[in-house]
Amino acid sequence: MNKIKSAFEEIKADDALKEKTLNAVMEKANKKVSFPLKHIIAAVSAAVILAASGMTAWAYCFQPVDYVSVDGSVNVELGVNRLDRVVSVECYDEPVSTDLKMKKCDEAIRLLELSENDNVEYNSSETAEEAKSLGLTCGQFKAYCQAVEAGAVLDTDEIKNLSPCEIRELAGIKDDCAQSSDEKTTAGNTQGVKHHGTSKANGHGHHRRNNK
Amino acid sequence: MRSEFDLETAIDKYSDTVKRICYMYLKNSYDTEDIFQNVFFKYALSDKSFESAEYEKAWIIRVTINACKDLSRNYFRKNTVPLESAELIPAEEKDNLEYVRSAVLKLPKKYKDVVYLYYFEGYNAFEIAEITGISENTVYTRLARARKILKEKLGGDFDE
């Protein structure tokens, strides 16, 4: 046997140390096992906080608060979040070729390359919900409301494929669409559409593109 | 978590090994108690099933060496003077091989565990490399350097 082995053979743990270790470890381990509830509560609380903050962030970034309805050469409804970014694009006839998501609202409208007689309306989420429940765009819904006010009886299924201008014409309402088309030749700058926010009157905002 | 019986069996079986490693690294019995509790607490909570007693022993040695190194790296401990002397063996139990232990203790820290594992536990270089996490070549190098130092200090009394 080498001398190092012989020298270290002498070192031994005494019984007192063994007993003390056993008691201390058992006490510590039992404490750890008997309080799992504390850990579960902490974990659940952390998960709830995380989920709540995640949902808030999601709602802030991806939940539309305003709807911009475009009726005319393109029929599209843009959902806009609190940061004035497009978060949803719903096309009612042909799909829009350009990707408008997360674009600034003004930028998205500019990319749609609208003609001067296209309607751009800003609507609250409540208006959009009402329009959706009837299967109409906000522009169609507003024209439908005007038609009903004027005493016309229209079937919402029949007007689904009509533009707001056509709905107004159908109801016999004099509309400035015709004027707008006459003014086509004077069309100028298509920029400058400003987001006016949700109109308080009737809960519907309305903005006609001014190309003059 | 392991049962009290398992824990008691492990303490009985590996206490001497843990104490020897503590002896090489630590300066007082309070630190030794800390290490004992840390090592066996980890063992109690570990769900690891060992293939054999040899694997279990190697795990205990590795955990003990790491715990001792962590403790000796602690800034506060590094900068305080221990209340007790470096000696962990009661005076009455001292034998004529004290000078051998003293020579091993005076080795640079990085050589101590290699020397202990090779000469006392009888592990080969490959096994030491597995336990300590260093390469096999480094084990050979450290062993060679430690041997040289021990030969210088112990002369003919150091038998390989």
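The preceding data block contains the structure.
Read on for an overview of the structure. (Residues numbered from 1 in each chain as written. Chains lettered and ligands numbered in written order. Predicted model: local features only at pLDDT ≥ 70, side-chain atom pairs only at ≥ 80, totals over all residues. Heavy atoms only, no water.)

1. Details of the pattern of salt bridges
Under the convention used in this document: A carboxyl oxygen of Asp or Glu within 4 Å of a side-chain nitrogen of Lys or Arg is what we treat as a salt bridge. Labels follow the DSSP assignment, with helices taken as runs of H or I lasting at least four residues and strands as runs of E lasting at least two, numbered in each case from the N terminus. Residue exposure (1.4 Å probe, protein chains only): buried if accessible area is under 20% of the type maximum, exposed if over 50%, otherwise partly exposed.
Counted according to the given criterion, the structure contains 6 salt bridges over all chains. We note a salt bridge from Glu 107 of chain A to Arg 110 of chain A, for which the minimum N-O separation is 3.1 Å. Of the two residues, Glu 107 of chain A and Arg 110 of chain A both sit in helix α4 (residues 105-111), 3 residues apart, roughly one turn of that helix. Residues Glu 98 of chain B and Arg 101 of chain B are paired through a salt bridge, measuring 2.9 Å at the closest nitrogen-oxygen approach. Of the two residues, Glu 98 of chain B and Arg 101 of chain B are both situated in helix α5 (residues 98-105); the distance of 3 residues between them amounts to about one turn of the helix. The exposure class of Arg 101 of chain B is buried, given its relative accessible area of 0%.

2. Section: the interface of chain A and chain B
Note the following rule: The contact criterion used throughout is that any non-hydrogen atoms of two residues lie within 4.5 Å. By buried area we mean the combined loss of accessible area, with a 1.4 Å probe, across both parts when two parts are placed together. What qualifies as a polar contact is a pair of N or O atoms within 3.5 Å, subject to a donor-acceptor requirement within protein and to the restriction that residues adjacent in sequence count only when both atoms come from side chains.
In this assembly, 27 residues from chain A lie in contact with 36 residues from chain B. Where chain A abuts chain B, roughly 3,100 Å² becomes buried across the two surfaces, and 72% of that area is made up of carbon and sulfur atoms. By the criterion of area lost to chain B, the three top residues of chain A are Lys 3, Ile 4 and Phe 8 of chain A, representing 23% of everything that side buries. At the boundary of chain A and chain B, one finds 1 salt bridge. In this assembly, chain A and chain B are joined by 6 residue pairs in polar contact (both at pLDDT 80 or more).

3. Here's the deal with the side chain of Ser 46 of chain B
Residues and elements named next belong to chain B. The topology assignment puts Ser 46 in the loop between α2 (29-45) and α3 (53-73). With relative accessibility at 15%, the residue Ser 46 sits in the buried group. Each residue touching Ser 46, except ones within four places of it in the same chain, is listed here: Arg 2 and Trp 59.

4. Some points on the pairing of strand β2 (residues 76-80) of chain A
Residue and element names in this part refer to chain A. Heads up, the rule is: We treat two strands as partners when DSSP finds at least two bridges between them.
Counting buried residues in β2 gives 5 out of 5 residues, a clear majority hidden from the surface. Strand direction decides the pairing type here: strand β1 (residues 66-71) and β2, joined by 5 bridges, are antiparallel. Residue pairing for β2: Val 68 is matched across the bridge by Leu 78. The turn linking β1 back onto β2 is made up of 4 residues, and Gly 72 within it adopts a positive phi angle of 150 degrees.

5. Re the side chain of Arg 20 of chain B
Which entries qualify depends on this criterion: Two residue types count as positive, namely Lys and Arg, and two as negative, namely Asp and Glu; His and chain ends fall outside the count.
Residue position: Arg 20 of chain B is located in helix α1 (residues 4-25). Buried charge Arg 20 of chain B goes without a salt bridge, the closest partner of opposite sign being Asp 16 of chain B at 4.4 Å.

6. Some details on the packing of helix α7 (residues 125-132) of chain B against helix α8 (residues 136-154) of chain B
Residue and element names in this part refer to chain B. Worth spelling out the cut-off: Here the axes come from fitting lines to C-alpha atoms, over the contacting stretch only for helices, and the angles between their N-to-C directions go from 0 to 180 degrees. When an angle is under 35 degrees it counts as roughly parallel; over 145 it counts as roughly antiparallel; between 65 and 115 it counts as roughly perpendicular; any other value is oblique. Note on residue categories: nonpolar means Ala, Val, Leu, Ile, Met, Phe, Trp, Tyr, Cys or Pro, charged means Asp, Glu, Lys or Arg, and polar means any other residue, Gly included.
At a closest axis distance of 8 Å, the pairing of α7 and α8 adopts a crossing angle of 110 degrees. In this view, α7 runs roughly perpendicular relative to α8, as classed from their interaxial angle. Between α7, through Ala 125, Phe 126, Ile 128 and Ala 129, and α8, the contact on the second element is made entirely by Glu 136, Val 139 and Tyr 140. Along the lines of polarity and charge, the residues of the contact of α7 with α8 split into 6 nonpolar, no polar and 1 charged.

7. Some remarks on α8 of chain B
Here is the rule: Here a helix's expected span is defined as the number of its residues, less one, multiplied by 1.5 Å.
With 19 residues, α8 of chain B ought to run about 27 Å at 1.5 Å a step, and its terminal C-alpha atoms sit 26 Å apart, in line with that. Along its buried surface, α8 of chain B packs onto α1 (3-9) of chain A together with α5, α6 (109-120) and α7 of chain B. Backbone geometry just downstream of α8 of chain B places Gly 155 of chain B in the positive-phi region, at approximately 60 degrees.

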